Amino acid sequence: MNVTKKLVQNVIIACAIVTVVVAVMYFCAQYILYQATPTEYIQQGSYKRAILHYTLKILKDPDNATLYYNRGLVYMMYKDYDNAINDYEKALKLHKHVSYYQNKALAHFYLGQYDKSIEENTNGLKLYPQSGMLYYNRGRAYYMKGEILNALEDFKKAYTLGIEQARGYIENIEKIKNKSNK
């Protein structure tokens, strides 16, 4: 009988400890959520806190594509491109948006995964054919792969869609073409 009584006491103590730990974690989470906004954390250079902030919000609202996208942006600033890609994939499963494609492709680009970057930009262009940034970013990936003619075509399209910085690539490629034709 003493063993049973002791076991029950230990279980009660363990439950009390777990309850206290959960309460402390809850209040810490609330403190993080309301101490500052993710933007303030980013301005302070506290990317991990901004990521934690979005993670806590995602736990409360796991079907919110914008939260995954925003956390992906912070991962990009933190140069954690793999986690950024994972968040953009989750965001795209919940909602198709041109920015989600652009940033997922850009993360692949920064990782040197030019084929995947081209693929993501192409996927985005199927839904958003008037996105100059998708053409521009795909052009940059082609350029890095040495596929100059594909790059030139995309840069020209991006430029006609208002992406001014594409002009520098166009001029550079035209110079290369002119030198090789001499």
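Residues numbered from 1 in each chain as written. Predicted model: local features only at pLDDT ≥ 70, side-chain atom pairs only at ≥ 80, totals over all residues. Heavy atoms only, no water.

### Examining the overall build of the protein
Selection rule: Think of it this way: any DSSP run of H or I at least four residues long counts as a helix, any run of E at least two long counts as a strand, and we number them from the N terminus. The buried label applies to any residue whose accessible area, calculated with a 1.4 Å probe on protein chains only, is under 20% of its type's maximum; exposed applies above 50%, and partly exposed to all values in between. All accessible areas in this document rest on Shrake-Rupley with a 1.4 Å probe, and a residue is counted as covered only by the protein chains that are shown.
Across its full length, the protein carries 10 helices and 0 strands. Beginning at the N terminus, the succession of helices and strands in the protein can be written as α-α-α-α-α-α-α-α-α-α. Counting the 182 residues in the protein, one finds 37% classified as buried. Put simply, the protein shows about 11200 Å² of open surface, and 57% of that area lies on carbon and sulfur atoms.

### Considering the pattern of salt bridges
Put simply, the test is: A pairing counts as a salt bridge when a side-chain nitrogen of Lys or Arg comes within 4 Å of a carboxyl oxygen of Asp or Glu.
This structure, assessed with the given rule, holds 9 salt bridges. Here Lys104 and Glu89 are joined by a salt bridge, their closest N and O atoms 3.5 Å apart. Taken as a pair, Lys104 in helix H6 (residues 98-110) and Glu89 in helix H5 (residues 81-94) lie far apart in primary sequence, 15 residues in all. Ionic pairing is found between Arg167 and Glu164, a salt bridge with its closest N-O pair at 3.6 Å. Judged by its relative accessible area of 41%, Arg167 falls in the partly exposed class.

### Description of the packing of H6 against helix H7 (residues 114-127)
This is how the line gets drawn: The convention used is that axes are lines fitted to C-alpha atoms, helices contributing only their stretch in contact, and that angles between N-to-C directions extend from 0 to 180 degrees. In what follows, roughly perpendicular refers to angles from 65 to 115 degrees, roughly parallel to angles under 35, roughly antiparallel to angles over 145, and oblique to any angle outside these ranges. Note on definitions: a residue-residue contact is assigned when non-hydrogen atoms from the two residues lie within 4.5 Å.
The contact between H6 and H7 brings their axes to 7 Å, and the two run at 170 degrees. Viewed along their axes, H6 and H7 adopt a mutual orientation that is roughly antiparallel. Residues Tyr101, Lys104, Ala105, His108 and Phe109 of H6 pack against Tyr114, Lys116, Ser117, Glu120, Asn121, Asn123, Gly124 and Leu127 of H7.

### Brief notes about the packing of helix H4 (residues 65-77) against H6
Here is the rule: Should the near helix be turned anticlockwise from the far one by less than a right angle, the crossing is left-handed, and should it be turned clockwise, the crossing is right-handed. In the scheme used here, Gly and all other residues not listed as nonpolar or charged are polar, with Ala, Val, Leu, Ile, Met, Phe, Trp, Tyr, Cys and Pro taken as nonpolar and Asp, Glu, Lys and Arg as charged.
Between H4 and H6, the least distance of the axes is 11 Å, while the angle of their chain directions is 30 degrees. Looking at the two axes, H4 sits roughly parallel to H6. Between H4 and H6 the crossing geometry is left-handed. Residues Ala65, Thr66, Tyr69, Leu73 and Met76 of H4 lie in contact with H6, whose contacting residues are Ser99, Tyr100, Asn103, Leu106, Ala107 and Tyr110. Partitioned by chemical class, the residues of the contact of H4 with H6 number 8 nonpolar, 3 polar and no charged.

### A short note on helix H9 (residues 148-160)
What counts is decided by this rule: Expected helix span is taken as 1.5 Å per residue step, with the number of steps being one fewer than the number of residues.
The end-to-end C-alpha distance of H9 is 18 Å, a good match for the 18 Å that 13 residues give at a rise of 1.5 Å each. All buried positions along H9 are accounted for by Ala151, Leu152, Asp154, Phe155 and Ala158. Each element contacted by the buried residues of H9 is listed here: helix H8 (132-145) and helix H10 (166-181). In the segment just after H9, Gly162 is the residue with positive phi, at about 100 degrees.

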